[in-house]
Amino acid sequence: MIDADELLGGLMARGVVDVAGVPCSYLTPVINRVASGVAAGYLPVTQEGEAVAIAAGCWLAGATACVMAQNSGLGNMVNPLTSLTHPSRIPVPLLISWRGEPGCPDEPQHELMGAITPGLLELMRVGHAVLPSDAAELDACLDTGWAEMHRAQQPFAFVLRNGVLAAQQLTEPPLPAPVAPTVTGTPKARDTPTRMAALESLVGSVADTTAVVSTTGKTSRELYTLADRPQHFYLVGAMGSASAVGLGVARHTRRPVVVIDGDGAALMRLGTLATVGAHAAPNLIHVLLDNGVHDSTGGQQSLAGQVDFPAVARACGYARVHDCADLTEFTDVIKVAQVEPGPTFIYLTIRPGSIAELGRPAVGPAEVARRFRAFVTASGEISERHDHVS
């Protein structure tokens, strides 16, 4: 058997500074150990795909985060693994339990995923290896995974069988109590601008040192059209993951980090707002532009009309929540949010629609990721924790 400290020590020796994921009984010893307080930070999250997006954000800020999850959660990870880490060439170490391994009795809900786990990883072009049960062989296995991540610039999964890890007690401290948020908003009638006008105001209001992560679809396409800068990271896929990526970035840089989100995208992974409230660094600014529709696919209604987004942000623990009535308020708040402690949530309703014949980014996702990483990790801005997978 392998002791949890041996496995965590091996991961941390290779640069892992954060662990994000959802618990699994096979992973209980290592989750218990990291949750009880070791040198690596522990981020319990709402679902496994969110953990992958956070880890991708950590890499963009020059840090390595390991994702730990049950193999049943591979279903939640398919989207960010195929449309975020793959096109952007972002290496992320994954520790995946093997529930339902053929020949090993388990619950019926694990039978199919257990049978297809190796094939699913192969189908997603995620390199993988089964962790050894002998501690003497652990370093060689981890070295193989790290070498493959460096070579392929893609995630690598270490697959954990039942009974490999020795038991570990849990002495987990409670999460910090939610903050009492500062909420601002005016009673005046709303003046809804276009998304392009809102983005133009934002571009003119963010400092040259501020990192910007924009959600998939027309938001990123319009931002690129307005100004293509190294400080911009455009999500071309992984809808709903922008705030998780921004959280990963913000944990490992002193820069302000602005996330530009949309209503449909935010609803797709609404649980991430709770994760941001629990774990976000004070430099995270989450902007939500709400036009009530899925603009990139023809303008079909989203479910945003059912949701009070500022109220959700307040309930999830954002330190500051701004409900802006117009572009003037929005611009003022963006400027102030870059110097006041957060996490901050900024809400603005906008009109549906976009400019005609809107182009797409001509620079590839992998290049966008690397120039953004170079921008974020420029001298004097990276946090004291560094990454060993480059």
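Everything in this summary refers to the structure shown in the same document. Note that the coordinates shown come from a computational prediction; the quantities given were computed from them, not determined experimentally. (Residues numbered from 1 in each chain as written. Predicted model: local features only at pLDDT ≥ 70, side-chain atom pairs only at ≥ 80, totals over all residues. Heavy atoms only, no water.)

Each helix and strand counted, the chain has 14 helices and 15 strands in total. Taken over the C-alpha trace, the chain has a radius of gyration of 21 Å; the compact-globule value for 390 residues is 21 Å, and the two agree within 12%. Dimensions of the chain, computed from C-alpha atoms along their principal axes, come out at roughly 65 × 45 × 45 Å. Within the span of the chain, comprising 390 residues, buried residues form 57% of the whole. (Helix = DSSP H or I, 4+ residues; strand = E, 2+ residues; numbered from the N terminus. Rg over C-alpha atoms; globule rule 2.2 N^0.38 Å. Buried < 20%, exposed > 50% of the residue type's maximum accessible area, 1.4 Å probe, protein only.)

The final tally for this structure, using the stated rule, is 12 salt bridges. Put simply, Asp139 and Arg14 hold a salt bridge, and the shortest N to O gap is 3.3 Å. Within this pair, whereas Asp139 is found in helix 6 (residues 138-152), its partner Arg14 is found in the loop between helix 1 (4-13) and strand 1 (16-21), the two being separated by 125 residues in sequence. Among the residues examined, Arg14 registers a relative accessible area of 12% and is labelled buried. Salt bridges sharing partners connect three or more residues here, namely Arg14, Asp139 and Asp143. (Salt bridge = Lys/Arg side-chain N within 4 Å of Asp/Glu carboxyl O.)

A word on the environment of Phe375. You can see Phe375 is positioned in helix 14 (residues 365-376). The exposure class assigned to Phe375 is buried, which follows from its relative accessible area of 15%. What Phe375 contacts, discounting residues up to four positions off in sequence, is Asp208, Thr209, Thr210, Ala211, Pro230, Gln231 and Arg255. (Contact = heavy atoms within 4.5 Å.)

What follows is about the nonpolar core. Most often, soluble globular proteins keep nonpolar side chains buried together rather than apart. Within the largest apolar cluster, 91 residues are counted, with the highest numbers of intra-cluster contacts made by Phe233 and Phe330. For this core, the element with the most residues is helix 3 (residues 48-60), which contributes nine residues. Core analysis: the second largest hydrophobic core is formed by 31 residues, Tyr42, Leu138, Leu142 and Leu165 among them. (Core = buried A, V, L, I, M, F, W, Y, C linked by side-chain atoms within 4.5 Å.)

Time to look at empty space enclosed by the protein. Enumeration according to the criterion identifies one cavity of 30 Å³ or more in this entry. One number sums up the size of the largest cavity: a volume of about 30 Å³. If you go around the largest cavity, the residues you meet are Ser83, Leu84, Ser88, Phe233, Tyr234, Leu235, Val236 and Gly237. Looking at the lining of the largest cavity, the elements with two or more residues in it are helix 4 (74-88) and strand 9 (232-234). Per-element tally for the lining of the largest cavity: the top contributor is helix 4, with three residues. (1 Å grid on protein atoms, 1.4 Å probe; cavity = no way out; pocket = protein on both sides within 12 Å on 5 of 7 lines; lining within 4 Å. Points joined across faces, edges and corners; volume = space filled by probe spheres on them.)

Here the focus is the environment of Arg320. Tracing the chain through its elements places Arg320 in strand 14 (residues 320-324). A sequence separation of 26 residues divides Arg320 from Ile346, and the C-alpha atoms of the two residues are 8.4 Å apart. Residue contacts for Arg320: discarding those within four places in its chain leaves Thr182, Glu340, Pro341, Pro343, Thr344 and Phe345.

Among all positions in helix 13 (residues 327-337), only Glu329, Phe330, Thr331, Val333, Ile334 and Ala337 are buried. Along its buried surface, helix 13 packs onto helix 7 (195-205), strand 11 (284-290), strand 14 and strand 15 (344-349). In this structure Asp326 caps helix 13, since a side-chain oxygen of it lies 3.2 Å from the backbone nitrogen of Thr328. (Polar contact = N/O pair within 3.5 Å; in protein donor to acceptor, adjacent residues only side chain to side chain.)

Another aspect to go through is the packing of helix 7 against helix 13. Where helix 7 meets helix 13, the closest approach of the two axes is 9 Å, and the angle between their N-to-C directions is 30°. The pairing of helix 7 with helix 13 is recorded here as roughly parallel in orientation. Note that helix 7 runs across helix 13; the crossing there is right-handed. Only Leu327, Phe330, Thr331, Ile334 and Lys335 of helix 13 make contact with helix 7, whose side of the interface consists of Ala197, Ala198, Ser201, Leu202 and Ser205. (Axes fitted to C-alpha atoms, helices over the stretch in contact; angles between N-to-C directions. Parallel < 35°, antiparallel > 145°, perpendicular 65-115°, else oblique. Left-handed = near helix turned anticlockwise from the far one by under 90°.)

Within strand 6 (residues 156-160), five of the five residues are buried, which leaves the element mostly enclosed by the surrounding structure. With burial as the criterion, each face of strand 6 is covered, one bearing Phe156, Phe158 and Leu160 and the other bearing Ala157 and Val159. The pairing of strand 4 (residues 93-97) with strand 6 spans five bridges and is classified as parallel. Looking at the pairing, Ile96 lines up with Val159 of strand 6. Looking at chain direction, strand 5 (residues 127-130) and strand 6 are connected through four bridges and run parallel. From the neighbouring strand, Ala129 faces strand 6, where its bridge partner is Phe158. Running through helix 6, the crossover from strand 5 to the neighbouring parallel element strand 6 is right-handed. (Pairing = 2+ DSSP bridges. Right-handed = clockwise from strand over helix to strand, strands pointing away.)

Following the criterion strictly, the structure yields six aromatic pairs and no others. Each ring, one from Trp146 and one from Phe158, has its centre 6.0 Å from the other, and the planes form 25°; the classification is stacked. Linking Trp146 in helix 6 with Phe158 in strand 6, this pair joins segments that are 12 residues apart in sequence. Here Phe158 falls in the buried class, since its relative accessible area comes to 2%. Linked through ring pairs, Trp146, Phe156 and Phe158 together constitute an aromatic cluster. Cation over ring: Arg255 sits above Phe375, and NZ or CZ is 4.1 Å from the ring centre. (Phe/Tyr/Trp six-rings, centres within 6.5 Å; stacked < 30°, edge-to-face > 60°. Lys NZ or Arg CZ within 6 Å of the ring centre and 35° of its normal.)

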